[in-house]
Amino acid sequence: MGLKKISSRILYYPHQSKTDRPLLAYIKGDKMSLSVDAGNSADHVDEFYKALACEGLKLPDVTVITHWHWDHTYGMHHIHGISIACRKTNEFLQMERNKLADSSYVRLIKEEDECLGREYKNNKRIIVTLSDIEFEKDLVLNLGGMTAKVFHAESPHSEDSVFVYIPKERVLFLGDSTSEDFYNHGYMDQDKLHSLIKMIESIDCQYCILGHSEPLTKYDLLSYLQSIISEE
Ligand SMILES: [Zn+2]
């Protein structure tokens, strides 16, 4: 599998549903290159980096994490360069790391989550690390010739949702923020969904990039989200 292009400066490595691997994005500035999400394992990171090498692209200098869930963070220990996450994400990662010290927890998550079990078969070790740089609410990265606006906002999917907006290319990365909360029995919080829709509406973007699907236009994503708002 190879990289796909969104614009001349933004590419992505497509998601893989068999092991729940999310899409990994690559944003090429003149000075720095940025990845969105670290992937679900060292193997996932290696695959992504191989695809970058095939295109003659350098490894990312910085990797921004969209939220703490395993499929977006278990590859963090293996990335090139520096990782950035919000404080809340690091808090969740710390809790996850504590739990993983117990082998019965490791066994449990491998059984409960088929995709995780498949990715970590043959006793492949799960390693969780916190980020190198932590921010509270937002952060602007000057990549050279373009900026990346990284910010936390409310979403129904997880408390620590982080978004990456590239104004120059009019692309917004949303992680899994538009999905329900799988850690709360798949609950879809309507207030948080409303607030997320408002945020997306306020952003001048053409494409919206989610973790587990192909890129969508802003119009298509908003139409979909409007359709799942429950009528009261
Ligand atoms: Zn998630």
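Scroll up for the structure.
Residues numbered from 1 in each chain as written. Predicted model: local features only at pLDDT ≥ 70, side-chain atom pairs only at ≥ 80, totals over all residues. Heavy atoms only, no water.

**Structural notes on the sheet that holds strand E4 (residues 33–36)**
Two orientations exist for strands paired in a sheet by backbone hydrogen bonds: parallel and antiparallel.
Link 1 in the chain: Pairing is mixed across the open sheet formed by seven strands, whose spatial order is E1-E2-E3-E4-E5-E6-E7. Whereas interior strands pair on both sides, the edge strands pair on one side only; in this sheet they are strand E1 (4–7) and strand E7 (133–135). Direction aside, neighbouring strands of the sheet carry axes that sit 25° apart on average.
Link 2 in the chain: Of the strands in this sheet, strand E2 (10–13), strand E3 (24–28) and E4 touch helix H1 (residues 42–54), which is tilted by about 40° from E3. (Pairing = 2+ DSSP bridges. Helix = DSSP H or I, 4+ residues; strand = E, 2+ residues; numbered from the N terminus. Axes fitted to C-alpha atoms, helices over the stretch in contact; angles between N-to-C directions. Contact = heavy atoms within 4.5 Å.)

**Things to note about the environment of Phe182**
Link 1 in the chain: Structurally, the position occupied by Phe182 is in the loop between strand E11 (171–175) and helix H6 (190–202).
Link 2 in the chain: The spacing of Phe182 and Leu24 is 158 residues in sequence and 21 Å in space, taken between C-alpha atoms.

**Quick look at the coordination of the zinc ion**
Link 1 in the chain: The zinc ion binds to the protein through His67 (NE2), His69 (ND1), His157 (NE2) and Asp176 (OD), with metal-donor distances spanning 2.2 to 2.4 Å.
Link 2 in the chain: With four donor atoms in place around the zinc ion and angles of 87 to 173° between them, the coordination shape is irregular.
Link 3 in the chain: Look at where the donors of the zinc ion fall in the sequence and you get H-x1-H-x87-H-x18-D. Of this pair, His69 sits in the loop between strand E5 (62–64) and helix H2 (70–73) while His157 sits in the loop between strand E9 (147–152) and strand E10 (162–166), and the two are 88 residues apart along the sequence.
Link 4 in the chain: For His69, a relative accessible area of 4% gives the class buried. (Donors = N, O, S within 2.8 Å, 3.2 Å for Na, K, Ca; no water. Tetrahedral: all angles 85-135°; square planar, octahedral: opposite > 155°, others 65-115°. Buried < 20%, exposed > 50% of the residue type's maximum accessible area, 1.4 Å probe, protein only.)

**Some remarks on the pattern of salt bridges**
Link 1 in the chain: Taken as a whole, this structure holds 13 salt bridges when the rule is applied.
Link 2 in the chain: One salt bridge connects Glu119 with Arg21, and the closest N-O pair in it is separated by 2.8 Å. Of the two residues, Glu119 sits in helix H5 (residues 114–119) while Arg21 sits in the loop between E2 and E3, which places them 98 residues apart along the sequence.
Link 3 in the chain: Overall, the relative accessible area of 6% leaves Glu119 in the buried class.
Link 4 in the chain: Arg21 gets classed as buried once you look at its relative accessible area, which sits at 6%.
Link 5 in the chain: As a salt-bridge pair, Arg87 and Glu136 come within 2.8 Å of each other at their nearest N and O atoms. Of this pair, Arg87 sits in helix H3 (residues 87–100) while Glu136 sits in the loop between E7 and strand E8 (138–142); the two residues are 49 residues apart in sequence, bridging distant segments of the chain.
Link 6 in the chain: One connected set of salt bridges, linked through shared partners, spans Arg21, Asp43, Glu47, Glu119 and Lys124. (Salt bridge = Lys/Arg side-chain N within 4 Å of Asp/Glu carboxyl O.)

**A look at the packing of aromatic side chains**
Link 1 in the chain: Across all of its chains, the model carries eight aromatic pairs by this definition.
Link 2 in the chain: Where Phe48 meets Tyr49, the ring centres are 5.8 Å apart and the plane angle is 40°; that geometry is what we call tilted. In terms of burial, Phe48 and Tyr49 fall into one category: buried.
Link 3 in the chain: Ring geometry for Trp70 against Tyr120: centres 6.4 Å apart, planes inclined by 65°, an arrangement best described as edge-to-face. Separated by 50 residues along the polypeptide, Trp70 in helix H2 and Tyr120 in the loop between H5 and E7 bring together distant segments of the chain. One exposure class covers both Trp70 and Tyr120, and it is buried.
Link 4 in the chain: Through a chain of ring-to-ring contacts, three or more aromatic side chains come together here, namely Tyr13, Phe48 and Tyr49. (Phe/Tyr/Trp six-rings, centres within 6.5 Å; stacked < 30°, edge-to-face > 60°.)

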